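# Inside the fold
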Amino acid sequence: MARRQIILDTETTGFDPATGDRMIEFAGIEMINRRLTGDALHLYMHPERDIPEGAVAVHGITLEKLEAENAPPFAEVGQRIADYLRGAELIIHNAKFDVGFLDMEFKRIGLPDVKELGCEVTDTLAMAREMFPGQKASLDALCTRFEVDRSKRVFHGALIDCELLAEVYLAMTRSQFSLVDTLEADSGGTVSALSRPRPQFLKVQAASPEECAEHEAYLDGLDQAAGGRCAWRGSLREEA
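Residues numbered from 1 in each chain as written. Predicted model: local features only at pLDDT ≥ 70, side-chain atom pairs only at ≥ 80, totals over all residues. Heavy atoms only, no water.

Turning to the environment of G100, a few remarks are in order. Within the element layout of this structure, G100 appears in helix 4 (residues 95-108). A C-alpha to C-alpha distance of 6.8 Å links G100 and P17, two positions 83 residues apart in sequence. Apart from the residues within four sequence positions on either side, G100 is in contact with P17 and A95. (Helix = DSSP H or I, 4+ residues; strand = E, 2+ residues; numbered from the N terminus. Contact = heavy atoms within 4.5 Å.)

The UniProt feature table records "binding site: substrate" (unreviewed entry) at D9, E11, H59 and D161. In summary, the annotated positions, though distributed over 153 residues, converge in three dimensions, the widest C-alpha pair being only 12.1 Å. As for its position among the elements, D9 is in strand 1 (residues 4-12). Apart from the residues within four sequence positions on either side, D9 is in contact with E25, F26, A27, D98, G157, A158, D161 and C162. Assignment of secondary structure puts H59 in helix 1 (residues 53-59). (UniProt positions renumbered as here; feature names shortened; annotations may be inferred.)

Within helix 3 (residues 74-85), the full set of buried residues consists of F74, V77, G78, I81, A82, Y84 and L85. Down the axis, helix 3 shows its buried residues gathered within 155° of arc, on one side only. Away from its buried face, by an angle of more than 90 degrees, helix 3 presents the exposed residues E76 and R80. The positive-phi residue at the C-terminal boundary of helix 3 is G87, with phi of around 80°. (Buried < 20%, exposed > 50% of the residue type's maximum accessible area, 1.4 Å probe, protein only. Arc of directions from axis to C-beta.)

What follows is about the pattern of salt bridges. What the rule picks out here adds up to eight salt bridges. With a closest N to O distance of 3.0 Å, R3 and E89 form a salt bridge. Placement of R3 in the segment before strand 1 and of E89 in strand 4 (residues 89-92) is noted, with a sequence separation of 86 residues between them. Accessibility expressed as a relative area gives 35% for R3, which makes it partly exposed. E89 gets classed as buried once you look at its relative accessible area, which sits at 6%. We note a salt bridge from D21 to R49, for which the minimum N-O separation is 3.3 Å. (Salt bridge = Lys/Arg side-chain N within 4 Å of Asp/Glu carboxyl O.)

Ranked by size, the top nonpolar core spans 26 residues in total, and within it L8, F26, I81, L85, L90, L102 and F106 carry the most contacts. When residues of this core are traced back to their parent elements, those giving at least two are strand 1, strand 2 (23-32), strand 3 (35-44), helix 3, strand 4 and helix 4. In contact with L102, not counting residues within four places along its chain, are L8, M23, F26, I81, L85 and V114. Listed in part, the 23 residues of the second largest apolar core include A137, L165, V168 and L170. (Core = buried A, V, L, I, M, F, W, Y, C linked by side-chain atoms within 4.5 Å.)

Right, dumping it as structure tokens:
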């Protein structure tokens, strides 16, 4: 079955949905079988409250800008977001933050929360901390690590962050899927888990006489340096 994933990010008026902060931007881009489909959803929402200067300094979104663009309140776009997310695996950096705001906004208008929509959540922040313990795990740091170009990222915009996160996620998981991707590409994407060929034993290539002579000469040098027969040569004799 096709694996539908949504790379997701939000921007908000603050850090805590429980104290009155609201969502002001939503972005999601769809990926199926590790390939971006071009199906994206990007929306601005009026928060029905002020936007603190500290938040504006992060994402650059002002209340005046939202009002100039006639941004609707979440209540008018919430169903559209829920339908877009339904049943997908959500790839989010620091998922607790974004899911907390989504669940709050959905609850305000009587819609199911993320779990009730049948969504599985994958947190790339948790993945990065497990892969690189003790090192920086921000999206910027991961872009640097995986050589993802972030030159267009002036502010923390939801859409550009989704695009960057998609590249980072693919880089972080490439080793898990590279063989499967190759097989599916060669077969037109029809390779199933049951039909994939099993690994074959590697062919053993014996050393040539010249290579054996060079190896013996190297061991002779080790014997001379050690003042006797080297331990590695001794162990081979014992095994033989």
